[in-house]
Amino acid sequence: MSYFTKTIVPYLFIIGLLFAGCSDDDLEFSDEIYMSAKIDGVEYYMDSKSSKLTATRFVGPAGISKLKVEIISSDGQSLRFIIPKYSGKNLYMIGDNPMLPNIIEYESAVPYGNWFCNHPGPNEVEKNYVEILKDDGNIVEGLFNFAGQNFEDNSIRRVTDGKFRLITN
């Protein structure tokens, strides 16, 4: 067997295995971006392939830092929330400060409906919140839970077990 076959071919084989082990999915950062929740007990999962997912930090006119999250699925469902006085990792109760209102809403295109929440919750059991678990400046991760009311027909939608991992602007 030649020197080339004994030394170079094994190295080329190892390099080939390394490249074969890395799939396109491993290289795509967007696979890690998602939002999931149960809406009235039905599980939903949206990722960057099936939905538009945005998280934006900005400073409002009064100089207050805010976080805005908006998820819009290809079938017309959307979920939005705004956290005023955003300070990173923390538990943010919806409606706990009327002077700095934070809102969360779920909307469906077919059949149309908009379920809105701007209050902390009717009792100790049912809480409306967004909890930021991690914010490293590029990725924000968290949990959310709320009951929204449709003011056209007074129906209630409960959005539970909400989780998200989003790239921030």
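Please read these numbers as outputs of a predicted model, since none were measured by experiment.

## Some words on the pairing of strand 9 (residues 129-135)
As paired strands, strand 6 (residues 90-93) and strand 9 are joined by four bridges and run antiparallel to one another. Counted as the bridge partner of Leu91 is Glu131 from strand 9. Direction of pairing for strand 9 relative to strand 10 (residues 139-149): antiparallel, over a ladder of six bridges. Looking across to strand 10, one finds that Ile132 is bridged to Gly142. Between strand 9 and strand 10, which follow one another and run antiparallel, lie three residues, and Gly137 among them has a positive phi close to 95 degrees.

## Digging into the packing of aromatic side chains
Enumeration over the complete set of coordinates arrives at six aromatic pairs. Note on Phe81 and Phe144: the rings are 6.3 Å apart at their centroids and 45 degrees apart in plane angle, and the pair reads as tilted. Highlighted residues: Phe81 in strand 5 (residues 78-84) and Phe144 in strand 10, separated in sequence by 63 residues. As far as burial versus exposure is concerned, Phe81 and Phe144 are alike and both buried.

## Thoughts on the pattern of salt bridges
Per the counting criterion, the structure on display carries eight salt bridges. Residues Arg80 and Glu70 are paired through a salt bridge, measuring 2.6 Å at the closest nitrogen-oxygen approach. Of the two residues, Arg80 is situated in strand 5 and Glu70 in strand 4 (residues 65-73); the sequence distance between them amounts to 10 residues. Note on accessibility: Arg80 and Glu70 belong to one class, buried. Arg80 is the salt-bridge partner of Glu107, the closest N and O atoms lying 3.7 Å from each other. Here the residue Glu107 occupies a position in strand 7 (residues 103-108), and Arg80 occupies one in strand 5, the gap between them amounting to 27 residues. Taking the relative accessible area as the measure of exposure, Glu107 reaches 18% and is therefore buried. Within this structure, Glu32, Lys134, Glu141 and Arg165 form a network of salt bridges that share partners.

## Observations concerning the environment of Ile71
Its place among the elements puts Ile71 in strand 4. As a C-alpha pair, Ile71 and Phe81 span 10 residues in sequence and 9.4 Å in three-dimensional space. Ignoring sequence-local partners within four residues, the contact set of Ile71 consists of Met35, Met46, Lys52, Leu53, Gln77, Ser78, Leu79 and Leu166.

## Focus: unusual backbone geometry
Outside of glycine, negative phi angles account for most residues, and trans bonds account for most peptide bonds. A cis amide bond links Val110 to the next residue, Pro111, at an omega of -15 degrees. At Asn154, a residue that is not glycine, the phi angle is positive and equals roughly 60 degrees. With respect to the helices, strands and loops of the structure, Asn154 is situated in the loop between strand 10 and strand 11 (156-167). Positive phi is not limited to glycine here, since Asp161 has a value of about 50 degrees. Its location among the elements puts Asp161 in strand 11. Using a relative accessible area of 45% as the deciding quantity, one classes Asp161 as partly exposed.

## Here's the deal with the nonpolar core
Counting 29 residues, the largest nonpolar core has Val130, Ile132, Phe144, Phe164 and Leu166 as the members making the most contacts within it. The element best represented in this core is strand 10, accounting for four residues. Leave out the neighbours within four places in its chain, and Ile132 touches Leu67, Ile83, Tyr86, Gly88, Lys89, Asn90, Tyr92, Val140, Glu141, Gly142 and Phe164.

Reading the values: rules and limits
- Residues numbered from 1 in each chain as written.
- Predicted model: local features only at pLDDT ≥ 70, side-chain atom pairs only at ≥ 80, totals over all residues.
- Heavy atoms only, no water.
- Pairing = 2+ DSSP bridges.
- Helix = DSSP H or I, 4+ residues; strand = E, 2+ residues; numbered from the N terminus.
- Phe/Tyr/Trp six-rings, centres within 6.5 Å; stacked < 30°, edge-to-face > 60°.
- Buried < 20%, exposed > 50% of the residue type's maximum accessible area, 1.4 Å probe, protein only.
- Salt bridge = Lys/Arg side-chain N within 4 Å of Asp/Glu carboxyl O.
- Contact = heavy atoms within 4.5 Å.
- Core = buried A, V, L, I, M, F, W, Y, C linked by side-chain atoms within 4.5 Å.

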